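Given next are the chains, with one letter for each unit.
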Amino acid sequence: MVLDLVGVPILRFSMVVGMDQELIASEARFRAYVEALSGVIGHADRVEPLGDYCGGLLLPLERKSVEPLAAAVAPDRVSAKHQSLLHFVAQSPWSDDQVLGKVQELVLPSIERGGPIKAWIVDDTGLPKKGKHSVGVARQYCGQLGKQDNCQVAVSLSVANDVASLPMAYRLYLPKTWADDAERRRKAGIPEDVIFKTKPEIALEQITAAHDGGVARGVVLADAGYGNDTKFRTAVSALGLDYVMGVLGAISVSPPGHEPVAAKPPKPPKPTSGRVRRDQEHRPVSAKALAMSLKPRAWKNITWREGTNTPLAGRFAAIRVRPAHRDHKLSEPRPHEWLLIEWPKGEAEPTKYWLGTMPKTTKLADLVAMTKQRWRIERDYQDLKQEIGLGHYEG
C-alpha cells in the first residue's frame, strides 16, 4: 500500500519492482479519482474506507463482499477494517445522488471525447440472494439466472456512445410485499418516503431527472419489460425524447391503409368528446400478424457491428405504423412510429419486435444499429458482476 497526498490509503495496481510508466499513470489517475469522490461523501472519517473499498473492488479476489475486501486491504487488522468498511457501506449517510453526480462530472467528458452521447439505456439486473433479510429480496425474475428465484432487482439508466457507457442512476426495486410490510421496513431501515413503484415508474423518474439535469440527449432504449408499457413510452415522448423499445408480438398496431379515423368534430355547443373511429377497414392487428404478412422483399440482411469473431448480422424489416393500444379512447390516432422486426433465418416466426420514434427518414441499418446499442449495458452488467463485485454486494 501507499499513502496518497491527502493521507488516503490506496492499493497499488502492481508491486513495486517493474512498475512501468503506464501503470504509474493509472495509479495516479485512480488516486485523483478517489480523492475527488471523497469531497462528496461527507465526514472526513469516510475518506479512508472509501479508498479501501474502491481499491479493493479492483483486486483479483474470488469474492468481493466486505469481509474478503477487509482481509485484502488490511491483513494485519482484518476485524477492525471489516467493521470500518461495513459501517461505511451499510450505515454512513452519504448521498447516492451526489456521488453519482461527481462520477458523471469526472467521467462524462472522457466518454464524450470518443463521440457524442447517442443513447440513454434503461435496464434492470437481478442479484441472486439466499437469505430473506436483504432489502427488496423476493422471488422474482432474475436475468442472471434466467428464471424466477430469490433475488434483489435494481433499475438503472446509463448513457452511451460508440465507445463507452456510464450509469447515471441506479435504484433498488422494492417489491410491494416489502413496501406494505411495516415491520420489515422498520427492521431494514427503509425510509418512510420510499414507496412501491413499478420498474417503469422508477425508470421514468430517472429519465426525467437526467432530462431536467441537462444531460446530453440520446435515444432512449429499453427492452419489452418497459416498452410494452404504453404509458411509459408516451411519457418519454412527452419529454421530447426519441426512443426505440422492445415490445411483445401481441401488441396492437395500425398498419398503412388500415389506420383509425379521427373523431368527427362535435357540433356546437357540445364540447369535444369524439373518439377515434374503427370499422372493418380500420382495425388494428398484432405486431406478429403484421410481420407474418410482409412480403419477402421487405426483409433485409443487416450487419450492425463487428463481433469478437464474426460480424453480428440478422434479418430485419421495418414499417411505419400507429400504436393502437386503447386508441378507441382517444380523439386522435397516435403518431406514426417505426415497427422494427427481427426474423432470423431458420426460425418459424419473428423473434423480436421494437417500436421507435426515430425520424421517418431513418435508414433501416441506422435503426438496427441504434436498437442494438443495448448490448453495451448487458456487457457492462456482466463486467460489474464478474470483475467489480456487484454480484457479491451484501446489502
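Our subject is the structure that appears above.
These notes cover the structure that comes with them. Quantities reported herein were computed from a predicted structural model and do not represent experimental measurements.

As a further point, take the overall build of the protein. Check the secondary structure of the protein and you find 13 helices and 14 strands. Taking all 395 residues of the protein together, 42% fall into the buried category. Sequence-distant contacts in the protein: of pairs separated by 6 or more residues, those separated by 24 or more amount to 60%. For the protein, the exposed area adds up to about 21,700 Å²; of that, 54% sits on carbon and sulfur atoms.

This paragraph deals with the side chain of Ser165. Structurally, Ser165 can be placed in strand S6 (residues 165-172). Given a relative accessible area of 17%, Ser165 falls into the buried group.

When you line up the elements, Leu157 lands in strand S5 (residues 147-160). Classification of Leu157 as buried rests on a relative accessible area of 0%. Sequence separation between Leu157 and Ile202 is 45 residues; the distance between their C-alpha atoms is 9.8 Å. Residues within four places of Leu157 in sequence aside, it is in contact with Trp120, Ile121, Val122, Leu166, Pro167, Met168, Ala169, Gln206, Ile207 and Ala210.

With that settled, the discussion passes to the packing of helix H8 (residues 199-212) against helix H10 (residues 230-238). Viewed as axis vectors pointing N to C, H8 and H10 meet at an angle of 5°, and their least axial separation amounts to 10 Å. The orientation of H8 with respect to H10, classified from their angle, is roughly parallel. From H8, Pro200, Ala203, Leu204 and Ile207 reach across to H10, where they touch Phe232, Ala235 and Val236. The class makeup of the residues in the contact of H8 with H10 is seven nonpolar, no polar and no charged.

Let's shift gears to the nonpolar core. Judged by nonpolar contacts, the single largest core of 46 residues is most densely connected at Trp120, Val122, Val159, Ile207, Val220 and Val236. In this view, Val122 contacts Ser156, Leu157, Ala203, Ile207, Val220, Leu221, Ala222, Tyr226 and Arg374; residues no more than four positions away in its chain are not counted. Grouped together as the second largest cluster of nonpolar side chains are 19 residues, Ala119, Leu127, Val244 and Met358 included.

What follows deals with the pairing of S6. For a regular strand, side chains alternate in direction, first toward one face of the sheet and then toward the other. Where S5 lies against S6, seven bridges are found, and the strand directions are antiparallel. Among the inter-strand pairings, Ala154 is bridged to a residue of S6, identified as Leu172. Linking two consecutive strands that pair antiparallel, namely S5 and S6, is a turn of four residues.

Now for the environment of Gly136. Mapped onto the secondary structure, Gly136 falls in the loop between strand S3 (119-128) and strand S4 (138-142). By relative accessible area, Gly136 is classed as buried at 0%. Beyond its immediate sequence surroundings of up to four residues, Gly136 is in contact with Cys151, Gln152, Tyr173, Leu174, Pro175 and Trp178.

Calculation notes
- Residues numbered from 1 in each chain as written.
- Predicted model: local features only at pLDDT ≥ 70, side-chain atom pairs only at ≥ 80, totals over all residues.
- Heavy atoms only, no water.
- Helix = DSSP H or I, 4+ residues; strand = E, 2+ residues; numbered from the N terminus.
- Buried < 20%, exposed > 50% of the residue type's maximum accessible area, 1.4 Å probe, protein only.
- Contact = heavy atoms within 4.5 Å.
- Areas by Shrake-Rupley, 256 points an atom, 1.4 Å probe, with all protein chains shown as cover.
- Axes fitted to C-alpha atoms, helices over the stretch in contact; angles between N-to-C directions.
- Parallel < 35°, antiparallel > 145°, perpendicular 65-115°, else oblique.
- Nonpolar A, V, L, I, M, F, W, Y, C, P; charged D, E, K, R; others polar.
- Core = buried A, V, L, I, M, F, W, Y, C linked by side-chain atoms within 4.5 Å.
- Pairing = 2+ DSSP bridges.

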